[in-house]
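# Per-entry structural report
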Amino acid sequence: MHRIKRIYSILIAVTVLSGCGQVGVITGGDKDTIAPKPLVDRVIPPNASLNSKPKQIQIPFNEYIQLVNPLENIRVTPNTLTVEASIKNKTLVLDLSGEYLENTTYSIEFNRAIQDITEKNDSIFSYVFSTGPIIDKNKASFIVVDGFKKQPVSKITVGLFDSIIELDNIKQPLYKTSTSKNGEANFEYIKSQNYYVYAYEDIDQNGTLTIGERAGLIDSVYFIGDTIGLKSMIKISEQEQPFKLSTDFLPPSTWKIWSNVKLDSLELEFLTPKPSFVHYNDTILAFYKNEKLSALQLSYKQDTLTKRVKSQQIELTTNTNLLDNHLRYNQPIRVFFNDAIDSIDYTKILIDGNSIESNQTSLNSDKLSLSLENDFFKDTSELYFLPKSIKFLSLEQNDTLKFTVHKQQMKDVGNLVVLADSLFKPGILQLMLGEKVVAESKTDTTTTAINFKELQPNTYSFRFIEDTNKDGKWTPGNVYNMTLPENIIWFTSSSKVRANWDVEVKLTF
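Presented here is an overview of the structure given in this document. (Residues numbered from 1 in each chain as written. Predicted model: local features only at pLDDT ≥ 70, side-chain atom pairs only at ≥ 80, totals over all residues. Heavy atoms only, no water.)

This brings us to the overall build of the protein. When helices and strands are tallied, the protein shows two helices and 40 strands. Taken over C-alpha atoms, the radius of gyration comes to 32 Å for the protein, far larger than the 23 Å a tight globule of 509 residues would show. Dimensions of the protein, computed from the C-alpha atoms along their principal axes, are close to 100 × 60 × 50 Å. Taken across its 509 residues, the protein has 44% of its residues classed as buried. Contacts in the protein between residues far apart in sequence, at least 24 positions, make up 63% of those at least 6 positions apart. In the structure as shown, the protein presents an accessible area of about 27,600 Å², 48% of it carried by carbon and sulfur atoms. (Helix = DSSP H or I, 4+ residues; strand = E, 2+ residues; numbered from the N terminus. Rg over C-alpha atoms; globule rule 2.2 N^0.38 Å. Buried < 20%, exposed > 50% of the residue type's maximum accessible area, 1.4 Å probe, protein only. Contact = heavy atoms within 4.5 Å. Areas by Shrake-Rupley, 256 points an atom, 1.4 Å probe, with all protein chains shown as cover.)

Put into structure tokens, the structure is as follows:
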């Protein structure tokens, strides 16, 4: 009996506001900032009751209270019971239903579910009881981070399951909690056994992992026994998504098709009307010639998709890779049009008064690239597209297009040599400018140095992808296959590249 009283005293201590769910006092300005307090000596059945399977719990408070989102803010673990909350005078009444587990400690957490009526101060506390002769003391702590950026993620559900999650089998966790702003998730009063640990966004608020939600896991069985001080890391990433085919029409004649998975071009058929040509990539572009389009149709794996099209009067527009008329060193001029190119009259495209040759150019549907690499061209050149120099599928080029081009010189760029402190790992080293990948290079254990050439003067950083599946890119994890995201090393060191300089930097792996 003395032991029971001691446990009871510890559990009702009024101390800290935290995710562990103890009763807390909220302090603030000059107004009444004291949260409603449970009258612990009048709780029925008492907190920390043993050998108890209550159908109803009554928790009196020291003032009148109101409920705030009880379905979200009152949580029972293990997840075998449902709770209906109501208020009678100053008493919170909880009606419990479901199946009790034997010799198990149950915890009911009240995460700001109770407010006073006047100042809306809210309480954080928990109520525990056991269906057996002891209160389980086991704890577990986790930290959830983004699998790519490795930054802590808040508002992620962490669930402890008694078996693995399968793609076609939705099940609820025995225990669950949510991560704090620091990405931490803490469990208390956990029964000692093996668990499978998953973290997921729970966007649909159904309590468990749903297909398409960002998620992660600990990829082996996880035993919770005595108190665990170590915070085990869970990396979450995008998961397998339900198939979705999307399209958009870009006037005057381009149908853009893409999906959240890689499309099989052999399974895709354009029906009516037939496009003039199609550019296949991750995004598929279909181009139509001088059609009065009202509807476009295609089939993909026996499903038919129709896109309604509105007739629009638009003019030819252009865009280039020039920055304030400057062309970066050793780069071609790229001119982008808002219509697909049908044919080119190279005699009507002039640089400094001279017509260009076809071998100086490359064509990609709505983009024309023109090389100025050799010394024949001036440091500053004038590029003209005379009227009718380009024939488009739908639009007319009736005016001269003029571009002034200032070529960047070799002395205006720098080179960067990257070394490793020992050996390079197999993977991909990426050169970063802020969030943008400027250049990348594959590595293996025979790599001694990586040369990034002709860089613009700036300060660059590095990240490294451990490309374990050797597909040339970062691969997220798959909780249904129990695989983790590929590891990424974010280097804190950076390197400043100056014009006409060769810079060397060593990375510590």
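Having seen the structure, we can now continue with the description.
Any aromatic ring pair is given by two values, namely how distant the centres are and how the planes are angled relative to each other. Scanning all chains against the criterion turns up 22 aromatic pairs. Ring geometry for F161 against Y198: centres 5.4 Å apart, planes inclined by 85 degrees, an arrangement best described as edge-to-face. Of this pair, F161 sits in strand β9 (residues 157-161) while Y198 sits in strand β12 (residues 193-200), placing them 37 residues apart in sequence. Relative accessible area serves as the criterion here: at 1%, Y198 is assigned to the buried category. When the ring of F424 is compared with that of F509, the centres are 5.7 Å apart and the planes differ by 75 degrees; the resulting orientation is edge-to-face. Of this pair, F424 sits in the loop between β34 (414-420) and β35 (427-433) while F509 sits in the segment after β40 (502-507); the two residues are 85 residues apart in sequence, bridging distant segments of the chain. Exposure remark for F424: the relative accessible area of 1% places this residue in the buried category. Three or more aromatic residues link up through ring pairs in this structure, and these residues are Y100, Y106, Y127 and F129. For the cation-ring pair, K90 lies above Y64, with the distance from its terminal atom to the ring centre recorded as 5.0 Å. (Phe/Tyr/Trp six-rings, centres within 6.5 Å; stacked < 30°, edge-to-face > 60°. Lys NZ or Arg CZ within 6 Å of the ring centre and 35° of its normal.)

Let us look at the environment of M482. Along the chain, M482 falls in the loop between β38 (458-465) and β39 (488-497). Since its relative accessible area comes to 24%, M482 is described here as partly exposed. As a C-alpha pair, M482 and L217 span 265 residues in sequence and 7.3 Å in three-dimensional space.

Looking now at the side chain of N121. With respect to the secondary-structure elements, N121 resides in the loop between β6 (105-116) and β7 (122-130). Looking at N121, its side chain comes within polar contact range of the side chain of D116, at 2.9 Å. (Polar contact = N/O pair within 3.5 Å; in protein donor to acceptor, adjacent residues only side chain to side chain.)

Here four bridges tie strand β29 (residues 361-364) to strand β30 (residues 367-370), and the two strands are oriented antiparallel to one another. When the sheet's bridge partners are listed, L363 is paired in β30 with L368. Where β29 hands over to β30, the hairpin turn is made up of two residues, of which S365 adopts a positive phi near 50 degrees. (Pairing = 2+ DSSP bridges.)

Applying the stated criterion across every chain, the model contains 12 salt bridges. We note a salt bridge from K289 to D342, for which the minimum N-O separation is 3.4 Å. Residue K289 is found in the loop between β20 (284-287) and β21 (295-300), and its partner D342 is found in strand β26 (residues 341-344); the two are separated by 53 residues along the sequence. For D342, a relative accessible area of 32% corresponds to the partly exposed category. (Salt bridge = Lys/Arg side-chain N within 4 Å of Asp/Glu carboxyl O.)

Here four strands make up an open sheet; going across it, the order is β36-β35-β38-β39 and the pairing antiparallel. Strands with a single pairing partner mark the edges of an open sheet, and in this sheet they are β36 (436-443) and β39. Here the average twist between neighbouring strands, direction ignored, is 25 degrees. Bridge analysis of β38 against β39 gives seven bridges, and the strand direction is antiparallel. (Axes fitted to C-alpha atoms, helices over the stretch in contact; angles between N-to-C directions.)

If you look at the biggest cluster of nonpolar residues, it comprises 21 residues, and the most contacted ones within it are I59, L94, I108 and F110. Elements that contribute at least two residues to this core include exactly β1 (56-60), β3 (74-77), β4 (81-88), β5 (91-98), β6 and β7. The leading source of residues in this core is β6, at five residues. Look past the residues within four positions of I59 in its chain and what remains in contact with it is P38, V43, K90, T91, L92, L94, F110, F125 and Y127. (Core = buried A, V, L, I, M, F, W, Y, C linked by side-chain atoms within 4.5 Å.)

All right, on to the sheet that holds β20 then. The strand order across the open sheet formed by four strands is β16-β17-β20-β19, and the pairing between neighbours is antiparallel. Two strands close off the open sheet at either side, each with one partner strand: β16 (245-250) and β19 (277-279). Sheet twist, expressed as the average angle between the axes of neighbouring strands with direction ignored, equals 20 degrees. Direction of pairing for β19 relative to β20: antiparallel, over a ladder of three bridges. Across the sheet, the residue bridging to V278 is A286, located in β20.

Two strands pair when backbone bridges link them, and β1 and β5 are joined in this way by five bridges, in the antiparallel orientation. Paired with Q58 across the strands is V93, a residue of β5. Pairing of β4 with β5, which is carried by eight bridges, proceeds in the antiparallel orientation. Paired with I87 across the two strands is L92, which belongs to β5. Linking β4 to β5, which pair antiparallel, is a turn of two residues; within it N89 sits at a positive phi near 55 degrees.

Here we come to the environment of I165. Following the sequence through the fold, I165 ends up in the loop between β9 and β10 (175-178). The buried category is assigned to I165, whose relative accessible area is 5%. Separated by 262 residues in the primary sequence, I165 and G427 place their C-alpha atoms 30 Å from one another. In this view, I165 contacts Y198, L209 and Y480; residues no more than four positions away in its chain are not counted.

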